[in-house]
Amino acid sequence: MTIPMLDLKRQYALLEPELEPKILDCLRGGAYVMGKPVAHLEQTLAAYLGVRHAVAVGNGTDALTIALVALGVGPGDEVITTPFTFFATAEAVASLGATPVFADVRPDTYNLDPESVAKCITPRTKAILPVHIFGQPADMDTLNAIARANKLAVIEDACQAIGAAIGGRKVGGWGDVGCFSFFPTKNLGAFGDGGLLTTNNDEYATLFRALRAHGGGHTGAAARALLEGKPVPPSPAESENPLYNPYKYYNYIIGYNSRLDTLQAVILNVKFPHLDEWNAQRTKNAAFYQEHIHRTDITLPHQAAGTTHVWHQFALCTRYKKEMGEALAKQGIGSGVFYPVPLHLQKAFDTLQYRPGALPVSEMLARETLCLPVFPGMTEEELSYVADAVNAFKP
Ligand SMILES: Cc1ncc(COP(=O)(O)O)c(C=O)c1O
């Protein structure tokens, strides 16, 4: 039997009858960037995530960057985050000339350890940037309390966790800003790049809309007014003079080109209604492994009480990561290693001068986590095959 780590072709086959006509309509329509499908996606996801604003952008990395810019993070500022994440989390901070400061994570949830975060706070700290790693919510209550006590902003990296929740309240709505990715492998994935910012703050939403499109147009003017503490200009009436429109090709702040393609929004609008069912299937698959894998020399992933985990990855810990991955591969089973190098030890961050041993839990996880296939659509036969192979593995 061959079981890939993730099989997107199965999902495509399921959605093909609905997707293909809509994709063709979009292609024939002649409008390819932003537009009504993007606005529809934003409205749908704002309602789903329980936030006032959802602003679509080009990818999750841009969402993080734009969030940081809108919160005023720049050179000289520090942002506390986790080293056990995808590179983009800290890259966004460093790309703005700010310094990522890495706190350690908890061995059970793999998420930021609030005690370690508290120890990293300095007068330069501007924000805390927790990641809901592998689809499991970080301890937002405690992190928000630390942030409030120290007047820090909170940006959630929810790129792997759409639909995850704490006590029924979805991630992305816990901090000042939430950031999501629609990279194809994500629980809600596009057919290319895509991302989303969420917030309950009207002013941040205006800044996001301006920053994603070169700081131009009416939102650019509104963003500029906000930054200068001036009244926001009223929405423009259609210009009567075709040669002068103060909102077209007039730019008011420096931003980015991070608009979402219409086609990606069309695809995401078709996929979104399936998200809860797909997350439920991931949860069922994870429960199957929890029930059927019974080795004493590995640690299965833990789910924090009161949270909804969306199982972007099923990451177990084993000292025999390499050997187990190879043994599974021999039996046709794909597995994944996320993430082999904790960010504080990445070459790209060597100027930060962290040494091995600085963040022991993150380093242990980087050595030991192995991810099993958990994608929606796996059959019970496949799940059994994987569980049996893990149980039968001989180090
Ligand atoms: C935790 C995390 N943060 C940020 C990103 C960046 O998202 P994107 O690839 O859409 O830029 C990703 C995914 O790739 C991610 O998993």
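Fair warning: this is a prediction, and the values are worked out from it, not measured in the lab.

1. What to know about the pairing of strand β8 (residues 177–181)
Among the 5 residues in β8, 5 count as buried, and that is most of the element. Both faces of β8 are covered, namely the face carrying Val-177, Cys-179 and Ser-181 and the face carrying Gly-178 and Phe-180. By the bridge criterion, 3 bridges tie strand β5 (residues 153–157) to β8 in an arrangement that is parallel. Among the inter-strand pairings, Glu-156 is bridged to a residue of β8, identified as Gly-178. Across 4 bridges, the pairing between β8 and strand β9 (residues 195–199) is antiparallel. Its bridge partner lying in β9, Gly-178 is registered against Thr-198.

2. Comments concerning the site of the ligand
Around the ligand lies a shell of 15 residues, among which Asn-59, Gly-60, Thr-61, Cys-159 and Ser-181 are the nearest. When contributions to the shell around the ligand are tallied by element, the ones reaching two or more residues are α3 (60–70) and α4 (88–95). Here the shell around the ligand is built from residues that sort into 5 nonpolar, 8 polar and 2 charged.

3. Structural notes on the sheet that holds strand β10 (residues 298–299)
Spatially, β10-β12-β13 is the arrangement adopted by the 3 strands of the open sheet, whose pairing is antiparallel. Among the strands making up the open sheet, the edge pair consists of β10 and β13 (369–372). As judged from the 2 bridges shared by β10 and strand β12 (residues 314–318), these two strands associate in the antiparallel manner. Across the sheet, Thr-299 pairs through a bridge with Cys-317, a residue of β12.

4. Topic: the domain arrangement of the protein
You can read the domains of the protein as domain 1 (8–272) and domain 2 (274–392). Of note, the centres of domain 1 and domain 2, computed from C-alpha atoms alone, are 26 Å apart. Each partner contributes to the interface: domain 1 provides 32 residues, whereas domain 2 provides 30 residues. Looking at the side of domain 1 that touches domain 2, the elements with two or more residues in it are α1 (8–29) and β6 (165–166). In terms of residue class, the side of domain 1 that touches domain 2 is built from 18 nonpolar, 9 polar and 5 charged.

5. What about the nonpolar core?
One finds Ala-67, Ala-127, Ile-155, Cys-179 and Leu-197 to be the most contacted residues of the largest nonpolar core, which totals 108 residues. When residues of this core are sorted by domain, at least three fall in each of domain 1 (8–272) and domain 2 (274–392). Ignoring sequence-local partners within four residues, the contact set of Ile-155 consists of Ala-67, Leu-68, Leu-71, Ala-127, Leu-129, Gly-175, Asp-176, Val-177 and Cys-179.

6. A look at helix α9 (residues 262–271)
The buried fraction of α9 amounts to 8 of the 10 residues, a majority that puts the element mostly inside the structure. Taken together, the buried positions of α9 are Thr-262, Leu-263, Gln-264, Ala-265, Val-266, Ile-267, Leu-268 and Lys-271. Those residues of α9 that are buried are in contact with α1, α2 (36–49) and β1 (53–57).

7. Points about unusual backbone geometry
A cis amide bond links Phe-338 with the next residue in sequence, Tyr-339, at an omega value of 0 degrees. Counting through the fold element by element, Tyr-339 comes out in the loop between α11 (321–330) and α12 (360–368). One non-glycine residue, Tyr-110, adopts positive backbone phi at about 65 degrees. Along the polypeptide, Tyr-110 turns up in the loop between β3 (99–102) and α5 (114–120). One non-glycine residue with positive phi stands out, namely His-214, at about 60 degrees. Residue classification places His-214 among the partly exposed residues on the basis of 18 C-beta atoms within 10 Å.

Procedures and definitions
Residues numbered from 1 in each chain as written. Predicted model: local features only at pLDDT ≥ 70, side-chain atom pairs only at ≥ 80, totals over all residues. Buried ≥ 20, exposed ≤ 12 C-beta atoms within 10 Å, placed from the backbone. Helix = DSSP H or I, 4+ residues; strand = E, 2+ residues; numbered from the N terminus. Pairing = 2+ DSSP bridges. Near = placed C-beta within 6 Å. Nonpolar A, V, L, I, M, F, W, Y, C, P; charged D, E, K, R; others polar. Domains from an automatic or database assignment. Contact = placed C-beta atoms within 7 Å. Core = buried A, V, L, I, M, F, W, Y, C linked by C-beta atoms within 7 Å.

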